[in-house]
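Residues per chain, in single letters:
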Amino acid sequence: MVIDTGKKPRLIYSHSIGLALFQRGRGFSTPVDIAFSSENKMYTVSRSISRPQPDQGGIRIGISTTDFEAEYFGEFSGYGSKDGQTIWPTGIAFDKDDVLYMLDEHLHRVTMFNKKGDLIGTWGVAGELVGQLNGPSSIVFDQDNNCFIVDSLNNRVQKFTRDGKLLHSFGSFGNGTGEFYLPWGINIDSEENIYVADWRNDRIQKFDKDGKFIRIFGSSGKGHGEFNRPSHIAIDSDGFMYVADWGNERVQVLNSEGQFIQELRGESGLSKWAEDYFASAQDEAKARSMSNLEPDLGFEDPWEESSFVEKLFWGPISIKINSEGKIFVVESNRHRIQIFNVS
C-alpha cells in the first residue's frame, strides 16, 4: 500500500533481499542495520531473536551485493564478548577508508573491521561520564571522517575521532528542545546538519554540525507527519527526509521543511534467496501458493496488520541510502530489506 500526495520524490518498490536464517549462511536473523562499502557491497548486521550459544551464527555481519540476485560473500563476527565478537549489535557504518564500525549496546563499545571482516580494533568505556558509552545505538561519519554516536541510554550524542577520542557531546534527558528520551538513529545531510531519531519522544530533531539545536519535526501520533517511536532517518541530496516510523510500521517521506510527502507500508515480493529456497522446498511452496498473503482482517493496529500481511513492513528499524540513491529499509521482524528507487 502506497499513499502518495502527488508531490516528489515518490519511492517505487524495486526488490527485496533476505531470508530468515538463524545460523550462518545466506540469510538474516533479525537484521538491525546495514552499511555500504566503497564497492557498494551491503553489510548487514543480524542481532538474532534469542540468546544464542557461542558456536551458533545467528549474530553476524553478512556481505552481499545489492541487486536482486544478491550474491552472498559470507559473514564474520559472532556472539560473544571477546574482541571481534558482539552481544547486542546495533548500528554499523563505514568511514571514508572502508573501515567498518559496529556498535554493541550491551558491551558499550565500538569494534572496527576491514571490509574483508578482519578485526582492526575496539574502543569505548562503559559509563555515564562524558566520553563514556551506555547503550550506543547508531553511528554516522561526517566529512572529516569523525563519527557521531547516539549514546542512547545516556540520552545524548557524542562526537569522536575514528580511534575514540572525544571531540564533543550534546543532549540530555528530557522532552524539551535539544533533549532526548532514548534516541536511536542518526544521520547527517550534505550541509553537515545532524538529524536524530528521538525514539521515545516521537520526533526527529535537527542540529547544526556543532550540536546547536535547529528545529523539531513531528509529534506523537499515527497521522501524516506524526510518529510512533521513529527509529532512523535518511536524508538525500535534495534534503528530503525518509523516516523509519517503527511503531507505525511504515516509512514516511518529508521535504526539507518537514512537510509530508508520502507514506509507504511496504510492497515486498519474494527475494531471490526466498525463490531459491521454495524451489527446493516444494511442499512449503505449494502451501504458500494456496495461502491468502493479503488477508483483510480489519486490524486497526499496524503491528497486527503487518504480522499477517507478508508484503508489509514489519519492524522497519533502519533506513539508508546507497551511492546510487536507492532507499534501503531494514525490517527486523521479516528478516529482509526492501529496496526502493526514487523517481
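Cut-offs applied
- Residues numbered from 1 in each chain as written.
- Predicted model: local features only at pLDDT ≥ 70, side-chain atom pairs only at ≥ 80, totals over all residues.
- Heavy atoms only, no water.
- 1 Å grid on protein atoms, 1.4 Å probe; cavity = no way out; pocket = protein on both sides within 12 Å on 5 of 7 lines; lining within 4 Å.
- Points joined across faces, edges and corners; volume = space filled by probe spheres on them.
- Helix = DSSP H or I, 4+ residues; strand = E, 2+ residues; numbered from the N terminus.
- Nonpolar A, V, L, I, M, F, W, Y, C, P; charged D, E, K, R; others polar.
- Phe/Tyr/Trp six-rings, centres within 6.5 Å; stacked < 30°, edge-to-face > 60°.
- Lys NZ or Arg CZ within 6 Å of the ring centre and 35° of its normal.
- Buried < 20%, exposed > 50% of the residue type's maximum accessible area, 1.4 Å probe, protein only.
- Contact = heavy atoms within 4.5 Å.
- Polar contact = N/O pair within 3.5 Å; in protein donor to acceptor, adjacent residues only side chain to side chain.
- Pairing = 2+ DSSP bridges.
- Axes fitted to C-alpha atoms, helices over the stretch in contact; angles between N-to-C directions.

1. Side note on the layout of surface pockets
Here's step 1: By volume, the largest pocket amounts to about 910 Å³.
Here's step 2: Listed by contribution, the elements that provide at least two residues to the lining of the largest pocket are β3 (31-36), β7 (89-94), β11 (136-141), β15 (186-188), β19 (232-235) and β23 (316-321).
Here's step 3: For the lining of the largest pocket, a count of residues per class yields 14 nonpolar, nine polar and eight charged.
Here's step 4: Here the second largest pocket defines a volume of roughly 430 Å³.

2. A short note on unusual backbone geometry
Here's step 1: For Leu182, which is not a glycine, the phi torsion comes out positive at approximately 55°.
Here's step 2: Topologically, Leu182 is positioned in the loop between β14 (166-170) and β15.
Here's step 3: One non-glycine residue, Asp202, adopts positive backbone phi at about 55°.
Here's step 4: Following the sequence through the fold, Asp202 ends up in the loop between β16 (194-198) and β17 (203-207).

3. Regarding the packing of aromatic side chains
Here's step 1: Across all of its chains, the model carries 18 aromatic pairs by this definition.
Here's step 2: Through a chain of ring-to-ring contacts, the aromatic side chains of Tyr43, Phe76, Phe94 and Phe113 assemble into a single cluster.
Here's step 3: Against the face of Trp199 rests Arg229, its NZ or CZ located 5.6 Å from the ring centre.

4. Some details on the environment of His108
Here's step 1: With respect to the secondary-structure elements, His108 resides in the loop between β8 (100-104) and β9 (109-113).
Here's step 2: Judged by its relative accessible area of 17%, His108 is buried.
Here's step 3: Considering only alpha carbons, one finds His108 and Ile12, 96 residues apart in sequence, at a separation of 38 Å.
Here's step 4: Setting aside residues up to four positions removed in sequence, His108 forms contacts with Gly124, Val125, Ala126, Leu133, Asn134, Gly135 and Pro136.
Here's step 5: Looking at His108, its side chain comes within polar contact range of the main-chain oxygen of Glu105, at 3.3 Å.
Here's step 6: At a separation of 3.0 Å, a polar atom in the side chain of His108 contacts the main-chain amide nitrogen of Gly135.

5. Some thoughts on the side chain of His232
Here's step 1: One can find His232 in strand β19.
Here's step 2: For His232, a relative accessible area of 2% puts it in the buried group.
Here's step 3: A polar contact of 3.4 Å, which involves the side chain of His232, links it to the backbone oxygen of Ile319.
Here's step 4: Sequence-distant contacts of His232, that is, excluding residues within four places in its chain, are made with Ser138, Gly185, Ile186, Asn187, Ala197, Tyr242, Val243, Ala244, Ile317, Ser318, Ile319 and Lys320.

6. Considering the pairing of strand β21 (residues 250-254)
Here's step 1: With respect to burial, β21 is a largely interior element, five of its five residues being buried.
Here's step 2: Across five bridges, the pairing between strand β20 (residues 241-245) and β21 is antiparallel. Note on β21: the bridge partner recorded for Asp245 is Arg250.
Here's step 3: Linking β20 back to β21 in an antiparallel pair, the connection comprises four residues, with Glu249 at a positive phi of about 55°.
Here's step 4: With four bridges joining them, β21 and strand β22 (residues 260-264) adopt antiparallel strand pairing. Counted as the bridge partner of Gln252 is Glu263 from β22.
Here's step 5: Hairpin connection of β21 to β22: five residues between the antiparallel strands, including Gly258 at a positive phi of 90°.

7. A word on the sheet that holds β17
Here's step 1: In space, the four strands of this open sheet follow the order β15-β16-β17-β18, with antiparallel pairing throughout. Both edges of this open sheet fall to β15 and β18 (213-217), since each of them pairs with a single strand only. Each neighbouring strand pair of the sheet contributes to a mean axis angle of 20°, computed without reference to strand direction.

8. Quick notes on the sheet that holds β3
Here's step 1: With antiparallel pairing, the four strands of this open sheet are ordered in space as β3-β4-β5-β6. One side of each edge strand has no neighbouring strand; the edge strands of this open sheet are β3 and β6 (72-76). Going across the sheet, the axis of each strand differs from the next one's by a mean of 20°, ignoring polarity.
Here's step 2: Taken together, the five bridges between strand β4 (residues 42-46) and strand β5 (residues 60-64) define a ladder with antiparallel strand orientation. Bridge assignment links Tyr43 to a residue of β5, and that residue is Ile63.

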